[in-house]
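# Remarks on the overall topology
For reference, the chains in residue letters:
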There are 2 protein chains.
Amino acid sequence: MTGTSTRVSSPTLDEVAVLAGVSRATVSRVVNDSPRVSPEAREAVRAAVAALSYVPNRMARSLVTRRTDTIALVLSEPDARIFSDPFFASIVRGLNGALASTDINLVLLTARDEREQEKAGRFVRQGHVDGVILMSLHSHDVLPDELIAAGMPLVLCGRPLDDRPVAWVDADNCGGARLATEHLLADGRRTIASISGPRDMVAGLDRLAGYRAALSDAGHEADPRLVVEGDFTEGGGARAMEELLDRAPELDAVFVASDPMAVGALRVLHAAGRSVPGDVAVVGFDDAPVALRSDPPLTTVTQPLEEMTQVMIELLLAQVDRTADGVQTRVCPTRLVRRASA
Amino acid sequence: MTGTSTRVSSPTLDEVAVLAGVSRATVSRVVNDSPRVSPEAREAVRAAVAALSYVPNRMARSLVTRRTDTIALVLSEPDARIFSDPFFASIVRGLNGALASTDINLVLLTARDEREQEKAGRFVRQGHVDGVILMSLHSHDVLPDELIAAGMPLVLCGRPLDDRPVAWVDADNCGGARLATEHLLADGRRTIASISGPRDMVAGLDRLAGYRAALSDAGHEADPRLVVEGDFTEGGGARAMEELLDRAPELDAVFVASDPMAVGALRVLHAAGRSVPGDVAVVGFDDAPVALRSDPPLTTVTQPLEEMTQVMIELLLAQVDRTADGVQTRVCPTRLVRRASA
DNA sequence: CGGGGGCGTGAGAACGCTCTCACGGCCGTG
DNA sequence: CACGGCCGTGAGAGCGTTCTCACGCCCCCG
């Protein structure tokens, strides 16, 4: 084709060794930054590596080291919605950031249905990765148990519903909801409603629990009229808000379990002629980008994404290195971000 | 720990062979569905495999077969916006669908900055995957050239700006834009404006070209006032629409190069008291989910995502199997979806 | 009844790397 | 001057597969 001859396959350690005039072992040492190499040998190898544009064969290396230096983030989510979730993008960014200083790679695996989940499970068990971070917002996958049984290092992103013996990292959803509700109480609000998340998601449950706990601590009686379940989407939030206005027109505050839902609620309140925060105070959750752009900008609860992803990696690598003692879990503190809506 | 003894490492082919009372080769044959195995031997091996819950070691296998049965979709995009792009989610779904009937795995790699791009490049070149589908909406990555030089099978998702010798698949953006504009013309619209995509994205350029071509074919003179550049986001579309109304208040139609931008434009038209499609007809592009929910539902241009992903896989696998002749490219036809906005 | 052609099987050599071990050479010490 | 130790190096044995051969066996046909 062009002037340069195209090889069919990549050069091997042996070829580098021959070109550098040393043994395979020495080339390996240089490639792996072993200190026990003379400067001359190192230089010769470096030159040969560059000349052949040698790249070590990971398969061969992994076969002996039993390490792939790759971890997988598997998204076990039925619908594609997960991608549009800004929370998800932040997790990916955070994980990549936490791995930036290492030579560990992050790959994403999606598993929408059972079939794909099985495929992902096989991929993982075949030894393509050293460990797995599993993001599964809804409950009941088989994947976790399968991976645990296979002895695969595993960290869940988000607390599991049941108490399986598995490592996980989550934000303090309950505490955050409590913070939000207490803020509303401190503001003198009397009738505080809530748009909750789905009952089959732990985050939804925990945020609802925090809201209830704060109210009960303040001596409020539980009023089932005041809680409507949403689905974490803007449309769902709008519908829930309509229902809420219908059920309890006297409400003067709403704790909404996600920012997109809060944006939907804001729209409905607007349309209903209620001023925010004058008539109704609104607090969201997640500190999504949309919270800044909403009108008015949303007071919300923020999660320490950076810290969470960092911890996930730590817990996972501890398992990979077999230095983990027992099953570790971690709850990261959430924080209230005051803006204009409450 | 528990009753079952936990092994440190997974069983090997040899152990299965011993348990089944056959040789390593026979086990390999069974595992790989070779027909040349007696039913009895096959059954014995099956049982042994199940008993040990044996999973073949991919590293060892790949070392000899030089195949990983894995392809990567790399997202070479600076910001995280790509995740929230519904187009992207569809691509992932489509690719997974196209691979569902095979035993080929799809992994996603993100590469936000140069550093991560380099990491992804290394990952790929080390032999973790058989081929790469590259999605890079903006121009000028080094990755493609690097992969081509390394002889890595590669298909671009979207036509590249320059004419590199690389396989790619794209929608007929130009044709779609033309369709949309011709529809507007046929509707009797006189002053047809356009909110274009960014100039550094091929999709933006092509859609603009199609719009211009349709107008010019219809004998319209090019009017630079009538084109404002957007950034493919809703906010950007709104801003562009404002500018357009300012520059050319007499316009009676707009071809918007993406649905999110069209939604923004709709909002602004609404606020300006223009009825759609009465005063101003609007056509979008992409047939994003949001196009259905907008008010009025958006007439838009749809891309054959299913076909595109299917073709990408075909072109890629042809390269992997070395049955590809030359550099293949494919433009998939777009179609106008008539709804209420035009 | 003998020979050829499957067909099922097993032995053993790869695949490209790491890692242990042993071996010279040089230093410092007694 | 002799000897122990360390340092750079290379030989060679794996790692868990696949794949090529060669080898019996049985069956069919002449």
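For the structure, see preceding data.
Source: prediction; values computed, not measured.

Procedures and definitions
Residues numbered from 1 in each chain as written. Chains lettered and ligands numbered in written order. Predicted model: local features only at pLDDT ≥ 70, side-chain atom pairs only at ≥ 80, totals over all residues. Heavy atoms only, no water. Least-squares fit on C-alpha atoms with pLDDT ≥ 70 in both. Contact = heavy atoms within 4.5 Å. Helix = DSSP H or I, 4+ residues; strand = E, 2+ residues; numbered from the N terminus. Buried < 20%, exposed > 50% of the residue type's maximum accessible area, 1.4 Å probe, protein only. Near = heavy atom within 4 Å. Polar contact = N/O pair within 3.5 Å; in protein donor to acceptor, adjacent residues only side chain to side chain. Nonpolar A, V, L, I, M, F, W, Y, C, P; charged D, E, K, R; others polar. Buried area = accessible area lost by both parts, 1.4 Å probe. Salt bridge = Lys/Arg side-chain N within 4 Å of Asp/Glu carboxyl O.

You can overlay chain A on chain B at an RMSD of 0.1 Å; the transform is a turn of 180° with a shift of 0.1 Å along its axis. Both copies of the chain, as the preceding transformation shows, are related through a two-fold rotation axis. By residue overlap, the copies meet face to face through one surface: 100% of the interface positions of chain A are interface positions in chain B.

Let's shift gears to the side chain of B:Q126. Relative to the helices and strands, B:Q126 resides in helix α7 (residues 114-128). By relative accessible area, which is 13% here, B:Q126 ends up buried. Once residues lying within four places of it in the same chain are set aside, the contact partners of B:Q126 are A:V55, A:P56, A:N57 and A:R58.

Another point: the protein's contact with DNA strand D. Taken together, the neighbourhood of DNA strand D is formed by 27 residues, with A:R29, A:S38, B:L13, B:S28 and B:Y54 sitting nearest. One of the backbone nitrogen or oxygen atoms of A:S23 is found 2.9 Å away from a phosphate oxygen of DNA strand D. A distance of 3.4 Å separates a base oxygen of DNA strand D from a polar side-chain atom of B:R24. Where the surface near DNA strand D is concerned, the elements lending two or more residues are α2 (24-31) and α4 (58-65) of chain A together with α2 (24-31) and α4 (58-65) of chain B. Each residue belonging to the surface near DNA strand D can be placed in one class, and the counts come to 13 nonpolar, eight polar and six charged.

This brings us to the interface of chain A and chain B. In this complex, chain A contributes 42 residues to the contact, which on the side of chain B involves 42 residues. Across the chain A/chain B interface, buried area totals approximately 3700 Å², and carbon plus sulfur atoms make up 58% of it. At the surface where chain A touches chain B, the tally comes to zero salt bridges. Counting across the chain A and chain B interface gives 13 residue pairs in polar contact (both at pLDDT 80 or more). When contributions to the side of chain A that touches chain B are tallied by element, the ones reaching two or more residues are α4, α5 (81-84), α6 (86-99), β2 (105-110) and α7 (114-128) of chain A. Per-element accounting of the side of chain A that touches chain B gives the leading share, eight residues, to α7(A). The residue makeup of the side of chain A that touches chain B, split by class, is 18 nonpolar, 15 polar and nine charged.

Quick look at the protein's contact with DNA strand C now. Residues in close proximity to DNA strand C total 27 residues, the closest being A:L13, A:S28, A:Y54, B:R29 and B:S38. Protein-adjacent atoms of DNA strand C, using a 4 Å cutoff, are sugar or phosphate at a proportion of 63%. In this structure, a phosphate oxygen belonging to DNA strand C sits 2.8 Å away from a side-chain N or O atom of B:T26. Within the side chain of B:R29, an N or O atom sits 2.8 Å from a base nitrogen of DNA strand C. If you list the elements that add at least two residues to the surface near DNA strand C, you get α2 and α4 of chain A together with α2 and α4 of chain B. Considering each element in turn, the surface near DNA strand C owes the most residues, five residues, to α4(A). Counted by class, the surface near DNA strand C contains 13 nonpolar, eight polar and six charged residues.

The next point concerns unusual backbone geometry. When glycine is set aside, most residues are seen to have a negative phi, and most peptide bonds are trans. The residue after A:V276, namely A:P277, is reached through a cis peptide bond having omega 5°. Mapped onto the fold, A:P277 is located in the loop between α12 (259-271) and β9 (281-283). The residue after B:D295, namely B:P296, is reached through a cis peptide bond having omega -5°. Inspection of the secondary structure assignment puts B:P296 in the loop between α13 (289-293) and β10 (300-302). Even without glycine at this site, B:D286 takes up a positive phi of about 115°. Within the secondary structure, B:D286 sits in the loop between β9 (281-283) and α13. Positioned with a positive phi, B:R322 is a non-glycine residue whose angle comes to about 60°. Mapped onto the elements, B:R322 comes out in the loop between α14 (305-320) and β11 (329-332).

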